[in-house]
Amino acid sequence: MDYVTYESYYIKDEELHILLAGSGKRSWYGLAQTEPHDQIKNLEDIHTILAGLYQKEYISFEKDKVVILEPMYSMIQILLYAKVCINARSDRNPMRCHYIYKDQVLFVERSQREQNMLRMTMLCCKEWLDLLFQESYFPENLWERAGEIPSYGGVLESEKTLLECCMESGFYSGFEKVDCNFAKVTDRLFVKEQDFVYTLYLQKQNLSICREGSCWREILQQWMNQEECHDFS
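### A word on the overall build of the protein
Right, so step 1: The secondary structure content of the protein amounts to six helices and 11 strands.
Right, so step 2: Long-range pairs, those at least 24 residues apart, make up 57% of the contacts in the protein with a sequence separation of at least 6.
Right, so step 3: Summed over all atoms, the accessible surface of the protein reaches about 12,800 Å², with 47% contributed by carbon and sulfur.

Structure (structure tokens):
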């Protein structure tokens, strides 16, 4: 497995909203989904925000048009067309939203260094899966023999947030698949720790299925392909 390196870009909530609105998307699912009324009150505010985007070299001005520049343009395209978002949380990492479009993943999180900023990073799907393992979302010693350990009794509770679920005793990391169009959680995947044993559980509707540790890549790949996980063997 190659070590994954990447470059991140920082943007304010209101800057991202301006770029999305200018591209025809008035609302979206994610960390900055609430309209930033406090920051955008009049035309002067919009001009100030555009000036900030220009200074960051995220946009340029051509006659009477605003042009979004690369790589920000490709990131905005993912947010415009992604149908699936995979949220991730662990005891070592903050909440991240991963937007899937074609063979690209854009992950968005609150910056830990820059106040009131979102950090945006774009990777190919394989790099993203490698990065999850590299950043210890999945421990190396995940239990491989699923049939030999007791099933976890939890079921998919869509009214609970992923953070609330992960705060329960014994949860090491958690993922959830979200339908971006309806902001609906359809599946969750957890790594649970008990007595230094790490196990993998897939939650779907009223099912909670223990899976072999190595299945995490397969499950996330199925989520990225927008396929249903019917094989619970």
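### Observations regarding the nonpolar core
Where a protein is soluble and globular, its nonpolar side chains tend to be buried together.
Right, so step 1: With 31 residues, the main nonpolar core has M72 and Y99 as its most contacted residues.
Right, so step 2: Elements supplying a minimum of two residues to this core: strand 1 (8-11), helix 1 (13-22), helix 2 (43-55), helix 3 (72-81), strand 5 (96-101), strand 6 (104-110) and strand 7 (118-124).
Right, so step 3: Ranked by residues supplied to this core, first place goes to helix 3 with six residues.
Right, so step 4: In this structure, A88, L129, L132 and L142 belong to the second largest nonpolar core, which totals 29 residues.

### Describing the side chain of E109
Right, so step 1: Mapped onto the elements, E109 comes out in strand 6.
Right, so step 2: Engagement of the side chain of E109 in a polar contact is seen with the side chain of R96, the distance being 3.3 Å.
Right, so step 3: Residues in contact with E109, not counting those within four places in the same chain, are L31, P94, M95, R96, M117, L118 and R119.

### Remarks on the pairing of strand 1
On a regular strand, each side chain points to the face opposite its neighbour's, so the side chains alternate between the two faces of the sheet.
Right, so step 1: Both faces of strand 1 are covered, namely the face carrying S8 and Y10 and the face carrying Y9 and I11.
Right, so step 2: Here strand 1 runs beside strand 7; their pairing, made up of four bridges, is antiparallel. If you follow Y9 over to strand 7, its bridge partner there is M120.

### Brief notes about the environment of I68
Right, so step 1: By the element assignment, I68 lies in strand 3 (residues 65-68).
Right, so step 2: Taking the relative accessible area as the measure of exposure, I68 reaches 17% and is therefore buried.
Right, so step 3: Distance from I68 to Y58, taken between C-alpha atoms, is 6.0 Å for residues 10 residues apart in sequence.

### Quick look at the packing of helix 4 (residues 125-134) against helix 6 (residues 216-224)
Relative placement of two packed helices is described by the angle separating their axes and the distance separating the axes.
Right, so step 1: Taken N-terminus to C-terminus, the directions of helix 4 and helix 6 make an angle of 140°; their axes are 11 Å apart at the nearest point. When the axes of helix 4 and helix 6 are compared, the pair comes out oblique. Regarding helix 4 and helix 6, the two cross each other, and that crossing is right-handed. Residues C125, W128, L129, D130, L132 and F133 of helix 4 lie in contact with helix 6, whose contacting residues are W216, R217, L220, Q221 and M224.
Right, so step 2: For the contact of helix 4 with helix 6, the per-class residue count stands at eight nonpolar, one polar and two charged.

### What to know about the pattern of salt bridges
Pairing is possible between side chains of opposite charge, provided their charged atoms come close.
Right, so step 1: Throughout the structure, instances matching the rule amount to eight salt bridges.
Right, so step 2: Three or more residues are tied together by salt bridges with common partners; here these are R96, E109, R119 and E135.

### Some remarks on helix 1
Right, so step 1: Among the 10 residues in helix 1, eight count as buried, and that is most of the element.
Right, so step 2: Of all the positions in helix 1, only D13, E14, E15, L16, H17, I18, L19 and L20 are classed as buried.
Right, so step 3: Two residues or fewer past helix 1, G24 is found with a positive phi of approximately 100°.

Reading the values: the criteria
- Here the residue numbering is sequential within each chain, running from 1 through the sequence in written order.
- Residue-level local features of this predicted model are given only where pLDDT is at least 70; pairs of side-chain atoms are given and counted only at 80 or more, and the full residue set underlies all totals for whole chains, interfaces and linings.
- Values reported for side chains reflect all heavy atoms of the structure, with hydrogen atoms and water molecules removed beforehand.
- Starting at the N terminus, helices and strands are each numbered in turn, a helix being any DSSP run of H or I of at least four residues and a strand any DSSP run of E of at least two.
- In this description, contact between two residues means that some pair of their heavy atoms is separated by no more than 4.5 Å.
- Methods summary: accessible areas were calculated by the Shrake-Rupley approach with a probe of 1.4 Å, and residue burial reflects only the protein chains presented.
- Remark: nonpolar core denotes a set of buried residues (Ala, Val, Leu, Ile, Met, Phe, Trp, Tyr, Cys) joined through side-chain atoms within 4.5 Å.
- Only protein chains enter the accessibility calculation, which uses a 1.4 Å probe; a residue whose area is less than 20% of its type maximum is buried, one above 50% is exposed, and one in between is partly exposed.
- Pairing of N or O atoms within 3.5 Å defines a polar contact, subject to two protein rules: one partner must be a possible hydrogen donor and the other a possible acceptor, and residues neighboring in sequence count only if both atoms are side-chain atoms.
- Strand pairing is defined by DSSP finding a minimum of two bridges between the two strands.
- Axis angles are defined between N-to-C directions and span 0 to 180 degrees, where every axis is a line fitted to C-alpha atoms and, for a helix, only to the segment in contact.
- Here the angle decides the label: under 35 degrees means roughly parallel, over 145 means roughly antiparallel, 65 to 115 means roughly perpendicular, and every other value means oblique.
- By definition, turning the near helix anticlockwise from the far helix through less than a right angle yields a left-handed crossing, and turning it clockwise yields a right-handed one.
- Polar here means any residue outside two lists: the nonpolar Ala, Val, Leu, Ile, Met, Phe, Trp, Tyr, Cys and Pro, and the charged Asp, Glu, Lys and Arg; Gly therefore counts as polar.
- A pair is scored as a salt bridge if a Lys or Arg side-chain nitrogen falls within 4 Å of a carboxyl oxygen belonging to Asp or Glu.

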